[in-house]
Number of protein chains: 4
Amino acid sequence: MNTPSSEPPRGAGPDFSTTRLEAFSDGVFAIAITLLVLDLKVPEPDALHGQTLADSLAHQWPAYFAYLVSFLVIGIIWINHHAMCALARRVDRRTLFANLLLLLTVSVIPYPTSLLATYLTAGNTDAHTAAAVYAATMVAMGLAFTLLFLSFTRNARALHTPISQADLTSALRRFGLGGVAYLATIALAYVSPIAMLATHALLAVYYCFDQLAPARKKLPTQH
Amino acid sequence: MNTPSSEPPRGAGPDFSTTRLEAFSDGVFAIAITLLVLDLKVPEPDALHGQTLADSLAHQWPAYFAYLVSFLVIGIIWINHHAMCALARRVDRRTLFANLLLLLTVSVIPYPTSLLATYLTAGNTDAHTAAAVYAATMVAMGLAFTLLFLSFTRNARALHTPISQADLTSALRRFGLGGVAYLATIALAYVSPIAMLATHALLAVYYCFDQLAPARKKLPTQH
Amino acid sequence: MNTPSSEPPRGAGPDFSTTRLEAFSDGVFAIAITLLVLDLKVPEPDALHGQTLADSLAHQWPAYFAYLVSFLVIGIIWINHHAMCALARRVDRRTLFANLLLLLTVSVIPYPTSLLATYLTAGNTDAHTAAAVYAATMVAMGLAFTLLFLSFTRNARALHTPISQADLTSALRRFGLGGVAYLATIALAYVSPIAMLATHALLAVYYCFDQLAPARKKLPTQH
Amino acid sequence: MNTPSSEPPRGAGPDFSTTRLEAFSDGVFAIAITLLVLDLKVPEPDALHGQTLADSLAHQWPAYFAYLVSFLVIGIIWINHHAMCALARRVDRRTLFANLLLLLTVSVIPYPTSLLATYLTAGNTDAHTAAAVYAATMVAMGLAFTLLFLSFTRNARALHTPISQADLTSALRRFGLGGVAYLATIALAYVSPIAMLATHALLAVYYCFDQLAPARKKLPTQH
């Protein structure tokens, strides 16, 4: 911070350090992940209709399942966002917008999560609709993350260490693979909403195995 | 941080660094932008009345539209707030209050957004009222941003690099232009609420083209 | 940050820098101030009963008034918390707890605000109850702030510059004066809830005139 | 920050500094602790049924009690998380996941709190169920905290100062003791939900007496 630099302004305007980009993004990630809990509804005593509370809570399993998967997904994106920000020293205005697009898809997640929790076991076409909306949100998020990655790596001079073309291609191939898998879950939503949700849990675990590794392993240290 | 400075306290009291001003503001921006999602309501299964979920969701388009525009507006203000804070080294108490006024107008945005989402397609005078409240909130926000800009630039000694009178006048002319456009959307609200909302989407894009550029381009580097 | 220090651990355990204390507190302040907006309820179209939306919104003025005063109060506390944290280099565990107590009283504010918004114009004993709960919350907050101030200044070695006994006494006299005024608003709540709320708006403005000034004016610079 | 280090990447991938881990965690802690207030419901004027507001509020004591205990619990975990993060210079990917697991148990707390507030005085088996869910959440959180502690201390090279085996054993014995006490509160939930809640208030106070002290007292300074 405050280290004066002789680097001249470039392109569409002066650059920003990644510090405040990360602070704002961390805020949005932290709030979106914590707002998920508002989708877990306490059964009203008057609405138990002779059921025990234990039965009523057990009946809510789709809400817990959707909560867990969405929590995992947002948590993994945060970790990968963290790793990606560590690649760059400075970001331009275009990257701020790509980041805003990613935050849009992240901060909306509590809505499809709540939708899916409500309709997962409806056992009709509405369950398919809710599951497809959930899967489509994840596709949008994956796309936004890829755009942001391209925006981060596009300007080699802003990186701590330039990424080789081979590493970039390898990272993009992995994003592509993940993207195809995400798209396939929209189709899966029309077959089995529960399988769709389980697949997203698995995809989150896949994404956690550091698909940015080849790009990062040559860096001395992330701050 | 912690760099001792021999600068004496000035005016209405000692100054503050911009670090914590930014941290608190980032928090409010991040929360306001993420709370918008609470305005997207999941249709209750009992309230579908034979409609499919897909139809019911399609029917909610005003809520998605209002969500998107408000998300864009808050995101752009954040980017411009970020750029403005980069101008100053230290802020005085008056600037803290001007900033608080801006945060008031930002953090209230989920309310007119929800109001507009509910009444946008009511097709009567209530739609006009909701749209006018939305537009008036944006006018208040634009005014608060201008006040904050004046407060930031008023004290040349607190700036990284003094802003020339010409650059200041040019920036204020742009603010004025934006302000007139904002005011005009209140009138537009009484003609077409949907056109009013679309105009705010366009105004956000206008504001994103860096109206602070002339003031900033002479700075060595923003932190 | 990370500046190694030879200072030995003291008292009830090792000390903490104020950095993370401020980060967590800023988070709570930012969230509490932004959650206030959830108390502004959009009138349901079905519940207008022939009233226009404009009439219905005008009818909600107690909610706007309570929102504004609570926003102002939290904003002022944040500014003064900011000024107080700038006094110290390090805090001990006792100060962390005093800070937690202050955050408890701050983060609960949306509840009495909502209570007051609902009952302010009930025109009976319930309006008095709601107003007294609001005023009592402010008393608790003022008390917690005083405790935190004592905790911050108790350990002269942790301060950037020691505070003279005279300055400390003067600051405490001002806190005491404010405390008496706060207490008096509980009585006022039983006379006129609206006057009680207006008084808190005025008290916030009083507190904004830097009652920490004597203690701070000898510091070289706040970080 | 940004201090270049010659330390080579290790294990499952490059390491991260604790800075952003703390920022994200502080965000989640701050939001979870502040969202608790949403569980305090303002009695609807129409639902008072001739009761005064004062009576109705007094009747809500289980909600205030649960709010206070959960606030205290999250606050203490934050303080101990803060102390634990001060032990390490860098964290690996495994620690990020252990931290995510802790944040999952923290961010879900508003749900069992609301459940307990609703059923604490139901005086039947549902009160036991709600209390057991609350106690089980605390067990999960204690477990996640222990896992995170192990993950932090596992890699001696990432610590500011290595922890001796004796200190580590002593810290783990204290965690074990706390864990047994937490488990016992699940049984207590079936005897007296109120005693279970009171016990968690006491356990929070126990945990506040710095069970990390032996591990930390040899460190020069936490940042």
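Residues numbered from 1 in each chain as written. Chains lettered and ligands numbered in written order. Predicted model: local features only at pLDDT ≥ 70, side-chain atom pairs only at ≥ 80, totals over all residues. Heavy atoms only, no water.

Named according to an unreviewed UniProt entry, chain A is TMEM175 family protein originating from Catenulispora subtropica. UniProt, in its Sequence similarities (unreviewed entry) section for chain A, records the words "Belongs to the TMEM175 family." The Catalytic activity (unreviewed entry) field of the UniProt record for chain A holds the comment "K(+)(in) = K(+)(out)". (UniProt positions renumbered as here; feature names shortened; annotations may be inferred.)

On to the overall build of chain A, then. When you go through chain A residue by residue, the secondary structure sums to nine helices and two strands. When the helices and strands of chain A are read in sequence order from the N terminus, they spell out β-α-α-α-β-α-α-α-α-α-α. Restricting the contact set of chain A to residue pairs at least 6 apart, pairs at least 24 apart contribute 83%. Counting every atom, chain A has about 8,400 Å² of accessible surface; 67% of that belongs to carbon and sulfur. (Helix = DSSP H or I, 4+ residues; strand = E, 2+ residues; numbered from the N terminus. Contact = heavy atoms within 4.5 Å. Areas by Shrake-Rupley, 256 points an atom, 1.4 Å probe, with all protein chains shown as cover.)

This part is about the environment of Thr199(C). Residue and element names in this part refer to chain C. The residue Thr199 is located in helix H8 (residues 193–208) in this model. The spatial distance from the C-alpha of Thr199 to the C-alpha of Tyr182 is 9.0 Å, given a sequence separation of 17 residues. The contacts of Thr199, once residues within four sequence positions are left out, are Thr185 and Leu188. Among the polar contacts made by the side chain of Thr199, one reaches the main-chain carbonyl oxygen of Ala195 at a distance of 2.6 Å. (Polar contact = N/O pair within 3.5 Å; in protein donor to acceptor, adjacent residues only side chain to side chain.)

Residue and element names in this part refer to chain A. Taken together, the side chains of Leu101, Leu147 and Leu150 make up a nonpolar region of the molecular surface, amounting to roughly 240 Å² of accessible area. As for its placement among the helices and strands, Leu147 is situated in helix H6 (residues 125–154). What makes Leu147 partly exposed here is its relative accessible area of 44%. (Patch = residues over 30% accessible without salt bridge, like charges linked within 9 Å, V, L, I, M, F, W, Y side chains within 5 Å. Salt bridge = Lys/Arg side-chain N within 4 Å of Asp/Glu carboxyl O. Buried < 20%, exposed > 50% of the residue type's maximum accessible area, 1.4 Å probe, protein only.)

This part is about unusual backbone geometry. The backbone phi angle of His49(B) is positive, close to 50°, even though this residue is not glycine. Within the secondary structure, His49(B) is located in the loop between helix H1 (18–35) and helix H2 (53–58).

What follows deals with the environment of Thr113(A). Residues and elements named next belong to chain A. Checked against the element boundaries, Thr113 lands in helix H5 (residues 110–119). The class for Thr113 is buried, based on a relative accessible area of 2%. C-alpha separation for the pair Thr113 and Val133, spaced 20 residues apart in sequence, amounts to 9.4 Å. Every residue in contact with Thr113, bar those within four places of it in the chain, is listed here: Leu36, Asp39, Ala66, Tyr67, Ser70 and Tyr134.

Let us now look at helix H7 (residues 165–191) of chain D. Between its first and last C-alpha, H7(D) extends 39 Å over 27 residues, near the 39 Å set by a 1.5 Å rise per residue. Those residues of H7(D) not exposed but buried are Asp167(D), Leu168(D), Ala171(D), Phe175(D), Gly178(D), Tyr182(D), Thr185(D) and Ala189(D). (Expected span 1.5 Å × (residues − 1).)

For Asp126(D), the location among the structural elements is in helix H6 (residues 125–154). One buried charged residue, Asp126(D), remains without a salt bridge, the closest side chain of opposite sign being Lys41(D) at 18 Å. Ignoring sequence-local partners within four residues, the contact set of Asp126(D) consists of Leu48(A), Thr52(A), Leu53(A) and Tyr119(D). (Lys, Arg positive; Asp, Glu negative; His and termini not counted.)

A contiguous patch of positive charge, built from Lys41(A), Lys41(B), Lys41(C) and Lys41(D), is present on the exposed surface. For Lys41(D), the position within the fold is in the loop between helix H1 (18–35) and helix H2 (53–58). You can call Lys41(D) exposed: its relative accessible area is 53%. (Charge placed at Lys NZ, Arg CZ, Asp CG, Glu CD.)

Now for the packing of aromatic side chains. Counted under the stated rule, the structure contains twelve aromatic pairs over all chains. Consider the rings of Trp78(A) and Phe24(D), whose centres lie 4.1 Å apart with planes at 15°: the pair is stacked. You can see Trp78(A) sitting in helix H3 (residues 61–85) and its partner Phe24(D) sitting in helix H1, one on each of two chains. Exposure remark for Trp78(A): the relative accessible area of 1% places this residue in the buried category. Take Phe24(D): its relative accessible area is 0%, and that puts it in the buried class. (Phe/Tyr/Trp six-rings, centres within 6.5 Å; stacked < 30°, edge-to-face > 60°.)

Before going further, it helps to examine H5(A). The element H5(A) is extensively covered by neighbouring structure, given that nine of its ten residues are classed as buried. Turning to H5(A), its buried residues are Pro110(A), Tyr111(A), Pro112(A), Thr113(A), Ser114(A), Leu115(A), Leu116(A), Ala117(A) and Tyr119(A).

Let us now look at the UniProt feature "transmembrane region" (unreviewed entry) in chain A. Residues and elements named next belong to chain A. Mapped onto this numbering, the UniProt entry annotates "transmembrane region" (unreviewed entry) at residues 61–79, 100–120, 132–152 and 180–207. The span residues 61–79 is 100% helical and 0% strand by assignment, and the distance between its end C-alpha atoms comes to 27 Å. The annotated region residues 132–152 carries 100% helix and 0% strand content, and the separation between its end C-alpha atoms amounts to 30 Å.

Helix-helix packing is characterised by the crossing angle of the two axes and by the distance between the axes. Residues and elements named next belong to chain C. Where helix H1 (residues 18–35) contacts helix H4 (residues 93–107), the axes come no closer than 10 Å and their chain directions differ by 10°. Taken together, the axes of H1 and H4 lie roughly parallel to each other. Taken together, the residues of H4 that come into contact with H1 (itself represented by Leu21, Phe24, Ser25, Val28, Phe29 and Ala32) are Leu96, Asn99, Leu100, Leu102, Leu103, Val106 and Ser107. (Axes fitted to C-alpha atoms, helices over the stretch in contact; angles between N-to-C directions. Parallel < 35°, antiparallel > 145°, perpendicular 65-115°, else oblique.)

The next thing to look at is the side chain of Ser107(C). If you trace the backbone, Ser107(C) turns up in helix H4. Given the relative accessible area of 0%, Ser107(C) is considered buried.

Residue and element names in this part refer to chain A. Looking at chain A as a whole, its pLDDT mean stands at 82, while 83% of the residues score no less than 70. Contacts of residues 1–13 to residues separated by more than four positions or lying in other chains number 19 contacts, the stretch itself having pLDDT below 50. Segment residues 214–223: pLDDT under 50, and 35 contacts once partners within four positions in sequence are set aside and those in other chains are kept. (pLDDT = per-residue confidence, 0-100.)

With that settled, the discussion passes to the packing of H1(B) against helix H3 (residues 61–85) of chain C. Two elements in contact, H1(B) and H3(C), have axes whose closest approach is 11 Å; the angle formed by their N-to-C orientations is 140°. Like other packed secondary-structure pairs, H1(B) and H3(C) cross with a definite hand, here right-handed. Together, Arg20(B), Leu21(B) and Phe24(B) of H1(B) and Trp78(C), His81(C), His82(C) and Cys85(C) of H3(C) make up the contact between the two elements. In the contact of H1(B) with H3(C), the residues fall into four nonpolar, two polar and one charged. (Left-handed = near helix turned anticlockwise from the far one by under 90°. Nonpolar A, V, L, I, M, F, W, Y, C, P; charged D, E, K, R; others polar.)

Looking now at the environment of Ala127(B). Residue and element names in this part refer to chain B. Inspection of the secondary structure puts Ala127 in helix H6 (residues 125–154). Separated by eleven residues in the primary sequence, Ala127 and Leu116 have C-alpha atoms spaced 7.4 Å apart. In contact with Ala127, not counting residues within four places along its chain, are Tyr119, Leu120, Ala122 and Pro193.

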